[in-house]
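# Reading the structure
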2 protein chains.
Amino acid sequence: MVVNELEALIQLMARLPGLGPRSARRAVLHLMGKRESLMLPLAASLDRVAQAIRDCSICGNLDSVEPCSICSDERREPSLLCVVEEVGDLWALERSGAFRGRYHVLGGTLSALDGRGPDDLRIASLVTRAKEPAVTEVILALGATVDGQTTAHYIAERLAGVEVAVSRLAHGVPVGGELDYLDDGTLTAALKARRPA
Amino acid sequence: MVVNELEALIQLMARLPGLGPRSARRAVLHLMGKRESLMLPLAASLDRVAQAIRDCSICGNLDSVEPCSICSDERREPSLLCVVEEVGDLWALERSGAFRGRYHVLGGTLSALDGRGPDDLRIASLVTRAKEPAVTEVILALGATVDGQTTAHYIAERLAGVEVAVSRLAHGVPVGGELDYLDDGTLTAALKARRPA
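Our subject in this report is the structure included herewith. Only a predicted model underlies this, so the values are computations on that prediction, with no experimental measurement involved.

A word on the environment of Cys56 of chain A. All names here are of chain A. The residue Cys56 is located in the loop between strand 1 (54-55) and strand 2 (62-63) in this model. Classification of Cys56 by relative accessible area gives buried; the value is 3%. Sequence separation of Cys56 and Val105 is 49 residues, and the distance between their C-alpha atoms is 9.5 Å. Residues in contact with Cys56, not counting those within four places in the same chain, are Asn61, Glu66, Pro67, Cys68 and Cys71.

The interface is formed by 54 residues belonging to chain A together with 52 residues belonging to chain B. In this assembly, chain A packs against chain B so that about 5200 Å² is buried in total across both faces, 70% of it on carbon and sulfur atoms. Counting every contact that joins chain A to chain B gives four salt bridges. As a salt-bridge pair, Asp55 of chain B and Arg35 of chain A come within 3.9 Å of each other at their nearest N and O atoms. Scanning the region where chain A abuts chain B turns up seven residue pairs in polar contact (both at pLDDT 80 or more). Those elements that place two or more of their residues in the side of chain A that touches chain B are helix 1 (4-13), helix 2 (21-32), helix 3 (35-52), strand 1, strand 2 and helix 4 (87-96) of chain A. By residue number, the principal contributor to the side of chain A that touches chain B is helix 3 of chain A, which donates 15 residues. In terms of residue class, the side of chain A that touches chain B is built from 33 nonpolar, eight polar and 13 charged.

All names here are of chain A. Reading across the sheet, the five strands line up as 4-3-5-6-7 and stay open at both edges, with mixed pairing between neighbours. Edge positions in the sheet fall to strand 4 (102-105) and strand 7 (195-196), since each has one partner strand and no second. Of the pairings in the sheet, the one linking strand 6 (residues 165-168) to strand 7 comprises two bridges and is antiparallel in character. Residue pairing across strands places Ser167 opposite Pro196, the latter belonging to strand 7.

Let us look at the pattern of salt bridges. What the rule picks out here adds up to 14 salt bridges over all chains. As a salt-bridge pair, Arg95 of chain A and Asp180 of chain A come within 3.9 Å of each other at their nearest N and O atoms. Remark: Asp180 of chain A occurs in the loop between strand 6 and helix 7 (184-192) and Arg95 of chain A occurs in helix 4; sequence separation between them is 85 residues. On the basis of relative accessibility, which here comes to 9%, the residue Asp180 of chain A falls in the buried class. In the salt-bridge network here, residues are joined through shared partners; they are Arg35 of chain A together with Asp55 and Arg122 of chain B.

A few words now on the environment of Glu86 of chain B. All names here are of chain B. Assignment of secondary structure puts Glu86 in the loop between strand 3 (80-84) and helix 4 (87-96). On the accessibility criterion, Glu86 (38% relative accessible area) is partly exposed. Counting along the chain gives 26 residues from Glu86 to Gly60, while the straight-line C-alpha distance between them is 8.7 Å. Those residues in contact with Glu86, other than ones at most four positions away along the chain, are Val105, Gly107 and Gly108.

It is worth spelling out the pairing of strand 5 (residues 137-140) of chain B at this point. Residue and element names in this part refer to chain B. As judged from the four bridges shared by strand 3 and strand 5, these two strands associate in the parallel manner. What sits directly across from Leu80, in strand 5, is Glu137. Two elements, strand 5 and strand 6 (residues 165-168), share four bridges in a ladder whose sense is parallel. In the sheet register, Ile139 faces strand 6, and the bridge partner there is Ser167.

Reading the values: the criteria
- Residues numbered from 1 in each chain as written.
- Chains lettered and ligands numbered in written order.
- Predicted model: local features only at pLDDT ≥ 70, side-chain atom pairs only at ≥ 80, totals over all residues.
- Heavy atoms only, no water.
- Helix = DSSP H or I, 4+ residues; strand = E, 2+ residues; numbered from the N terminus.
- Buried < 20%, exposed > 50% of the residue type's maximum accessible area, 1.4 Å probe, protein only.
- Contact = heavy atoms within 4.5 Å.
- Buried area = accessible area lost by both parts, 1.4 Å probe.
- Salt bridge = Lys/Arg side-chain N within 4 Å of Asp/Glu carboxyl O.
- Polar contact = N/O pair within 3.5 Å; in protein donor to acceptor, adjacent residues only side chain to side chain.
- Nonpolar A, V, L, I, M, F, W, Y, C, P; charged D, E, K, R; others polar.
- Pairing = 2+ DSSP bridges.

Below is the structure:
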């Protein structure tokens, strides 16, 4: 008979994206065979990260320091601001190594369906940052989805009165694709070929 | 930039079956958005289960009590012993509700490739249990794989001198399965074991 405590763990695991009830069971059984080498370290790491890693108050990136290591890195180009939907997109751009400016993580896209409006995203703080004299260009690196493009369009309008160039990633981003899943070459090409919005 | 602590968590998550580096990143980002409702409870549950759940010394099942709740359940049929490879198989049989005897979890299969011999599995204790006067039948519920069938064959030989009936699960068409999608081996087995309608 499945024990309650084990069943509770399986149900928690099954809430992770990419795992269903069946694969969560497999994962838990795998963990039970590696208590010392994997299960306890994973528990400790989850706890540490949940406690120590916070959203950067400036850009929304995840980091253990405040402001985050990108915002406080003096070597990053201060004139370029790259707007992304999620931290995973920021990570994808960092992995490509193609961008040396700073970021602004919206925390999602506008979505009528999910009831997410401008106030649910970091848009007001983006407009404030775009007004800083050092910033000369805002790059909208949003997904080529309907919601992503709607959000890009909305942000471009909000920045219309601000003295800053607004650009978008070049088409090269597959339509319907998410940034997180793109290869480095495509991301680099899309960044290089960015055009005025 | 990906933080070291976060990267360490992603690498731990990526060691779970069914998750790769990419899906581990997605899972961690998902967790970061649900720190209180999912991430901390998951960390606590992993820790609790790793500490509290142990292998039953009799059958190898996972439980917080010793012996496990199945071994100590007086209502289970004491004459039937069902041999399975892993705890996951025990759970599958329990979900079916079709078996009311007790179990014996081998902890894997014999495998020349992986260097797993009889001493690496709970085979000696199985033979001891099979000799108990109450036990009249040992059901070998092992996978229909080469290693599973090799193991079943080996156990049947080890039990040859013991006064106990040894049986195996029937091969056949899975309930709800379509003939068109079945492999030749299953169809052949189902034909050979055909019964009067």
